[in-house]
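Letter by letter, the chains look like this.
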Amino acid sequence: MVPSPSFRISMASSNRPRRLPREPPPPRTPLLRLLLPLAARLALPRTSDTDRAQKLNLSNIQAELDHLEKEVVPSDAGVAFCHNDLLAANIMKCPTTGRIQLIDFEYGGVNYKSFDIANHFNEFAGGTTEEENGVADYALFPTEERQEAFVRAYVRASAGSNESEGDDEDKQVKSLLREVHAFVLANHLYWGLWAVNQAAMEGCDDFDYLTYAACRFDEYKKGKAKIEAELES
């Protein structure tokens, strides 16, 4: 099940994204750098799972994080209060009013707003239910048109307007989309490392975390190759 096509945005009980005081932004990959050493040294319950985890080549992730920060993620990316786990199950729609309500702020906190949007887009692919058992379908990833529609709605909601602001709005949409595309990659690494940690703590009997990790890392590689090809063209 993918989220409703409605693009009305709600942050907790507010109708508008909350503005934060102007403070120095956090590092662009802070949680990733915390998860990496944990994932690299964790022992998995089964030898077969340990072998599978070794095939994920976690030793290369550090270099990928450095690459993202230096070459891909914009240094001026905007910060906001973020949900950080916007999968379909955490998005509720009132059947009578059409109002969208976000729930389950377990991972909520200060982050880059483009990371939160990127996470929402990636979650369209699923892979997190018992039936899917770690196998995501990225054919469900939003089209470019759908991504732009969502980001444009976000920009207007941030400005407290439902009307087009012309060229200035177009520039904001283009800039935010560029950030989102960069954070789509960071998001894959984040949840891939998270899945490895979960595999070590819970095992893979009830849910195949290592399959999910492999899906996220594979999609990162595809996305990175696509961005590099676009930069060269």
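Caption draft 1: Main features of the side chain of His188. Residue position: His188 is located in helix α6 (residues 167-202). Ignoring any residue separated from it by four or fewer positions in sequence, one finds His188 in contact with Asn122, Tyr138, Arg216, Phe217, Glu219 and Tyr220.

Caption draft 2: Spotlight on the packing of aromatic side chains. On inspection of all chains with the given rule, the structure shows twelve aromatic pairs. Measuring from centroid to centroid gives 5.0 Å for Phe207 and Tyr209, while their planes differ by 65°, and the two rings are edge-to-face. Ring pairs connect the aromatic residues Tyr107, Tyr112, Phe115, Phe183, Tyr190, Trp191, Trp194, Phe207, Tyr209 and Tyr212, which therefore count as one cluster.

Caption draft 3: Layout of helix α7 (residues 209-232). Here α7 contains 24 residues, and its C-alpha end-to-end distance of 35 Å stays within 8% of the 34 Å for a straight helix at 1.5 Å per residue. Of the residues making up α7, those classed as buried are Tyr209, Leu210, Tyr212, Ala213, Cys215, Arg216, Phe217, Glu219, Tyr220, Gly223, Lys224 and Ile227. Packed against the buried residues of α7 are α2 (47-54), α3 (61-72), α4 (113-123) and α6.

Caption draft 4: Quick look at the pattern of salt bridges. Per the counting criterion, the structure on display carries nine salt bridges. Each of Glu148, Arg152, Arg156, Glu169 and Asp170 takes part in one network of salt bridges that share partners.

Caption draft 5: Representation of the nonpolar core within the structure. Leu68, Ile117, Phe183 and Phe217 are the most contacted members of the largest nonpolar core, which totals 46 residues. Those elements that place two or more of their residues in this core are α3, α4, α5 (144-159), α6 and α7. Element by element, the count of residues in this core is highest for α6, at 18 residues.

Caption draft 6: Main features of unusual backbone geometry. With a phi close to 75°, Asn84 is a non-glycine residue in the positive phi region. Here Asn84 shows up in the loop between β1 (79-82) and β2 (91-93). For Asn84, a relative accessible area of 9% translates into the label buried.

Criteria and cut-off values
- Residues numbered from 1 in each chain as written.
- Predicted model: local features only at pLDDT ≥ 70, side-chain atom pairs only at ≥ 80, totals over all residues.
- Heavy atoms only, no water.
- Helix = DSSP H or I, 4+ residues; strand = E, 2+ residues; numbered from the N terminus.
- Contact = heavy atoms within 4.5 Å.
- Phe/Tyr/Trp six-rings, centres within 6.5 Å; stacked < 30°, edge-to-face > 60°.
- Expected span 1.5 Å × (residues − 1).
- Buried < 20%, exposed > 50% of the residue type's maximum accessible area, 1.4 Å probe, protein only.
- Salt bridge = Lys/Arg side-chain N within 4 Å of Asp/Glu carboxyl O.
- Core = buried A, V, L, I, M, F, W, Y, C linked by side-chain atoms within 4.5 Å.

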